[in-house]
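Spelled out, the chains give:
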Amino acid sequence: MGIIKDRFKEKGDALAAEIKDLLKEHGTTKIGEVQLSQVYQGMRGITGLVTETSLLDAQEGIRFRGYSIPELREKLPKAEGGTEPLPEGLFYLMLIGELPTEADVEHLTGVWQRRSHVPNHVFATIEALPATTHPMTQFVVGIMALQTESEFSKRYAAGMSKKDYWDAVFDDSMDLIARLPRIAAYIYRRKYKNGDHIQPNGLLDWAGNFAHMMGYSDESFKELMRLYMVIHADHEGGNVSAHTTHLVGSALSDPYLSLAAGMNGLAGPLHGLANQEVIKWIYEMREELKTEAPTSEQIADYVKKTLEGGKVVPGYGHAVLRKTDPRFTAQMEFGKKHMPDDPLVQTVWNVYETVPPILQSLGKIKNPWPNVDAHSGALLVHYGMVEYEFYTVLFGVSRALGVLASLCWDRVLNFPLERPKSITTDLVKKWLKGEDEVWGD
Ligand code: CMX
């Protein structure tokens, strides 16, 4: 691990020096204006964060350190005999800012294998929950139980100097990433496979071993996991899971506490839980229509019914994106290659043809196109993973890569406590009447 840690510190010091100069020269430069509507409506479009790992373009979608998803699928190292990128490579890219070599990726696989031991009390804590507990709740409880292992909190309690924060956050982040697949697989086997657990295979890559521990030995499922873990990893800094992890980390809460907080945000239906909602929605539609292959007309009627019921169409829309999500497209390509005739996958494609014009016709939805969650479940069902309540846990294991790489950057750049200003409507009214010129401090 030393090599990657040293490289990271070198990059971190260089950027910290650049930022210092940049702020010295341009610290008072204005980078945008804020409208009252933005303050009330979820801070959309307000630039207020720095996240180095990825950048989202409304038209083009996500780029990780400048690389689009198609570019990553081509350029990142693959498993032997595979064609999908290894998530180890994406993590390296987000952390170091450069494409990894095959050797870098192999090194990371080894590091994560060596650090993957999960203490027994974590499993005992999960076991204390009723098996009916939602998998995301079990996942967060598992992460919290693992917090006993935090180097950051131990070293902080022992009086660590602030110049060493990054080092402890780095170690905790690596440990967490190494251990999360084990915890997630444990929850899956506990809840859905009668607690018949599968031991890790030390010869496999991180995502391949995750697939193995969940009980999927099919090579193309392992490939799906590699792709899945890459495309869900990061979506710049303002989304709920990334922003929450960053915010909580800014209080110097250790990476376990910070990630658990982010995962609670991911568990919301407008964010990561949408992946389970999509499959649930399609299953309910199939059941109501009594067909496995609904026609476009039937889908259109069902969409209208969903909207009339005051519900969202899950998997559609986005706070930033204004085109089809390239993460959706990558999964569609995977589907075309591995399962073009699967009826559920075909329904997802049929929904893709049908939903956008209907949403567009409402006139209020800024983005009628599918996001990442519209596709992921159908690919999993193809391989037999039908337990859709588990899907957000998969998203969470992947999202940890991005938010923890960012947390390492937060600490190496010594970002301070996050504390934006809030106001009251009373103050807004006074201010609009010219009775109060200052927002306060
Ligand atoms: N179905 C129905 N209505 C939708 C909609 C959808 N898929 N997407 C947006 N709308 C509605 C909003 O609820 C809002 O309605 P009101 O004005 O009545 O409150 C209106 O359209 C305008 O919303 P918007 O500005 O286009 O979208 P937001 O930035 O507010 O919200 C998102 C973005 C993702 C929460 C929203 O599109 C949504 O609820 N989508 C469905 C859930 C989903 O797929 N979430 C996953 C996102 C990706 C991820 O994080 O994993």
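Note that the coordinates shown come from a computational prediction; the quantities given were computed from them, not determined experimentally.

Caption draft 1: Layout of the environment of Ala-374. Mapped onto the secondary structure, Ala-374 falls in helix H18 (residues 373-382). By relative accessible area, Ala-374 is classed as buried at 4%. Distance in space between the C-alpha atoms of Ala-374 and Glu-277 is 9.1 Å, their sequence separation being 97 residues. Apart from the residues lying within four places of it in its own chain, the contact partners of Ala-374 are Val-278, Gly-315, Tyr-316, Phe-328 and Val-348.

Caption draft 2: Structural context of the domain arrangement of the chain. Assigned domains of the chain: these are domain 1 (109-270 + 390-412) and domain 2 (274-388). Here the C-alpha centre of domain 2 lies 28 Å away from the C-alpha centre of domain 1. Every contact between the two is made by 25 residues of domain 1 and, on the other side, 25 residues of domain 2. Both sides of the domain 1 and domain 2 interface together cover about 2,100 Å² of buried area, and 66% of this is carbon and sulfur. On inspection of domain 1 and its partner domain 2, the count reaches 1 salt bridge. Looking at the side of domain 1 that touches domain 2, the elements with two or more residues in it are helix H9 (165-192), helix H11 (219-231) and helix H19 (391-412). Examining the composition of the side of domain 1 that touches domain 2, we find that 8 residues originate from one element, H11, more than from any other. Residues belonging to the side of domain 1 that touches domain 2 are distributed by class as follows: 15 nonpolar, 6 polar and 4 charged.

Caption draft 3: Here's a closer look at a nonpolar patch on the surface. On the surface, Val-34, Leu-36, Val-39, Tyr-40, Met-43, Ile-46, Trp-431 and Leu-432 cluster together into a nonpolar patch covering about 720 Å² of accessible area. For the nonpolar patch, the secondary-structure elements that each account for two or more residues are helix H2 (36-40) and helix H20 (425-432). At 3 residues, H2 tops the list of elements feeding residues into the nonpolar patch. Summarising the element assignment, Val-34 is placed in the loop between helix H1 (2-26) and H2.

Caption draft 4: Structural view of the sheet that holds strand S2 (residues 61-64). Overall, antiparallel pairing links the 3 strands, which are arranged S1-S2-S3 in an open sheet. With one partner strand each, in any of the chains shown, strand S1 (54-57) and strand S3 (67-68) form the two edges of the open sheet. Two elements, S2 and S3, share 2 bridges in a ladder whose sense is antiparallel. Within the sheet, the bridge partner assigned to Phe-64 lies in S3 and is Tyr-67.

Caption draft 5: Representation of the packing of H1 against H19. Their axes nearest at 9 Å, the elements H1 and H19 cross at an angle of 55°. By the angle class used here, H1 and H19 are oblique. Like other packed secondary-structure pairs, H1 and H19 cross with a definite hand, here right-handed. Together, Phe-8, Lys-9, Lys-11, Gly-12 and Leu-15 of H1 and Cys-408, Trp-409 and Val-412 of H19 make up the contact between the two elements. Its residues assigned to classes, the contact of H1 with H19 comprises 5 nonpolar, 1 polar and 2 charged.

Caption draft 6: Summary view of the pattern of salt bridges. Throughout the structure, instances matching the rule amount to 22 salt bridges. Ionic pairing is found between Lys-305 and Glu-288, a salt bridge with its closest N-O pair at 2.6 Å. In this pair, Lys-305 sits in helix H15 (residues 296-308) while Glu-288 sits in helix H14 (residues 274-289), placing the two residues 17 residues apart along the sequence. For Lys-305, a relative accessible area of 42% translates into the label partly exposed. Looking at Glu-288, the relative accessible area reads 43%, which means it is partly exposed.

Caption draft 7: Up close: the nonpolar core. The biggest cluster of nonpolar side chains holds 120 residues, and the ones touching the most others in it are Trp-112, Phe-139, Met-214, Phe-221, Met-225, Met-385 and Leu-394. Here this core gets 16 residues from one element, more than from any other, and that element is H9. Summarising the domain contributions, this core has at least three residues from each of domain 1 (109-270 + 390-412) and domain 2 (274-388). Beyond its immediate stretch of four places on either side in the chain, Met-385 contacts Tyr-188, Met-214, Tyr-216, Phe-221, Leu-380, Phe-390, Tyr-391 and Leu-394.

Caption draft 8: How the structure looks around the site of the ligand. Contacts to the ligand come from 20 residues, most closely from His-271, Tyr-316, Lys-364, Lys-366 and Asp-373. Separating an oxygen atom of the ligand from a side-chain N or O atom of Lys-366 is a distance of 2.8 Å. Notes on the ligand: free accessible area 900 Å², of which the protein chains cover 75%. Residue classes in the shell around the ligand are distributed as 11 nonpolar, 5 polar and 4 charged.

Caption draft 9: Summary view of the pairing of S1. Here S1 shows a clear split, with Ser-54 and Leu-56 buried on one side and none of Leu-55 and Asp-57 buried on the other. Looking at chain direction, S1 and S2 are connected through 4 bridges and run antiparallel. If you follow Ser-54 over to S2, its bridge partner there is Phe-64.

Caption draft 10: Local environment of the side chain of Gln-331. Mapped onto the secondary structure, Gln-331 falls in helix H16 (residues 326-338). Taking relative accessible area as the criterion, Gln-331 reaches 2% and is therefore assigned buried. A polar side-chain atom of Gln-331 sits 3.2 Å from the main-chain carbonyl oxygen of Arg-327. Leaving out residues up to four positions away in the same chain, Gln-331 has contacts with Ile-231, Val-372, His-375, Ser-376 and Leu-379.

Caption draft 11: Local environment of the packing of helix H6 (residues 120-127) against H9. At a minimum axis separation of 11 Å, H6 and H9 run at an interaxial angle of 35°. Remark: the crossing between H6 and H9 carries right-handed chirality. The segment H6 lies against H9, with Val-122, Phe-123, Ile-126 and Glu-127 engaging Arg-182, Ile-183, Tyr-186, Ile-187 and Arg-190.

Caption draft 12: Molecular detail of empty space enclosed by the protein. Per the stated rule, a full pass over the model turns up 2 cavities of 30 Å³ or more. Space inside the largest cavity adds up to approximately 70 Å³. Lining the largest cavity are Val-50, Thr-51, Gly-237, Ala-242, Thr-245, His-246, Val-403, Ser-406, Leu-407 and Asp-410. Of all elements in the fold, only helix H12 (240-250) and H19 reach the threshold of two or more residues within the lining of the largest cavity. Ranked by residue count, the leading element in the lining of the largest cavity is H19, at 4 residues. For the lining of the largest cavity, the class distribution of residues is 4 nonpolar, 5 polar and 1 charged. For the second largest cavity, the full set of lining residues is Val-278, Trp-281, Ile-282, Pro-314, Tyr-316, Phe-328, Val-348, Val-351 and Ala-374. Only H14 and helix H17 (343-362) provide two or more residues apiece to the lining of the second largest cavity. Ranked by residue count, the leading element in the lining of the second largest cavity is H14, at 3 residues.

Reading the values: the criteria
Residues take numbers from 1 onward in each chain, read along the sequence in its written order. Where local features are concerned, this predicted model is filtered to residues with pLDDT of at least 70; where side-chain atom pairs are given and counted, the filter is 80 or more; whole-chain, interface and lining totals use all residues. Just so you know, side-chain values use all the structure's heavy atoms and leave hydrogens and water out. Comment: elements are numbered from the N terminus, with helices defined as DSSP H or I runs of at least four residues and strands as E runs of at least two. Burial status follows relative accessibility: with a 1.4 Å probe on protein chains alone, a residue under 20% of its type maximum counts as buried, one over 50% as exposed, and anything between as partly exposed. Residue contacts are counted whenever heavy atoms from the two residues lie within 4.5 Å of one another. Domain ranges listed in this record stem from an automatic or a database domain assignment. When two parts are put together, the accessible area they lose, computed with a 1.4 Å probe and summed over both, is reported as buried area. Just to be clear on terms, a salt bridge is a Lys or Arg side-chain nitrogen sitting within 4 Å of an Asp or Glu carboxyl oxygen. Each residue is assigned to one of three groups, with Ala, Val, Leu, Ile, Met, Phe, Trp, Tyr, Cys and Pro labelled nonpolar, Asp, Glu, Lys and Arg labelled charged, and all others, Gly among them, labelled polar. Each patch is assembled from residues with relative accessible area greater than 30% and no salt bridge, linking like charges that lie within 9 Å and nonpolar side chains (Val, Leu, Ile, Met, Phe, Trp, Tyr) that lie within 5 Å. Throughout, the Shrake-Rupley method with a 1.4 Å probe supplies accessible areas, and for residues the shown protein chains are the sole cover considered. By definition, two strands form a pair when at least two bridges between them are found by DSSP. Every axis in this analysis is a line fitted to C-alpha atoms, fitted for helices over the stretch in contact. Angles between the N-to-C directions lie between 0 and 180 degrees. Every angle not falling under 35 degrees, over 145, or within 65 to 115 is termed oblique; those three ranges are roughly parallel, roughly antiparallel and roughly perpendicular. Crossings are classed by handedness, with left-handed meaning an anticlockwise turn of the near helix from the far one by less than a right angle and right-handed meaning a clockwise turn. For this analysis, a nonpolar core means a set of buried residues of the types Ala, Val, Leu, Ile, Met, Phe, Trp, Tyr and Cys, connected via side-chain atoms within 4.5 Å. Whether a residue is near a molecule or strand depends on its heavy atoms: it is near if one of them lies within 4 Å of it. Within 3.5 Å is the distance limit for a polar contact, defined as a pair of N or O atoms, with the added protein rule that one can donate a hydrogen and the other accept it, and that residues adjacent in sequence qualify only through two side-chain atoms. The rule is simple: put a 1 Å grid over the protein atoms alone, call a set of points where a 1.4 Å probe fits but cannot get out a cavity, call an open set with protein on both sides within 12 Å along at least five of seven lines a pocket, and count a residue as lining if it has an atom within 4 Å of a point. Grid points are joined across faces, edges and corners, and a volume is the space filled by probe spheres set on the points.

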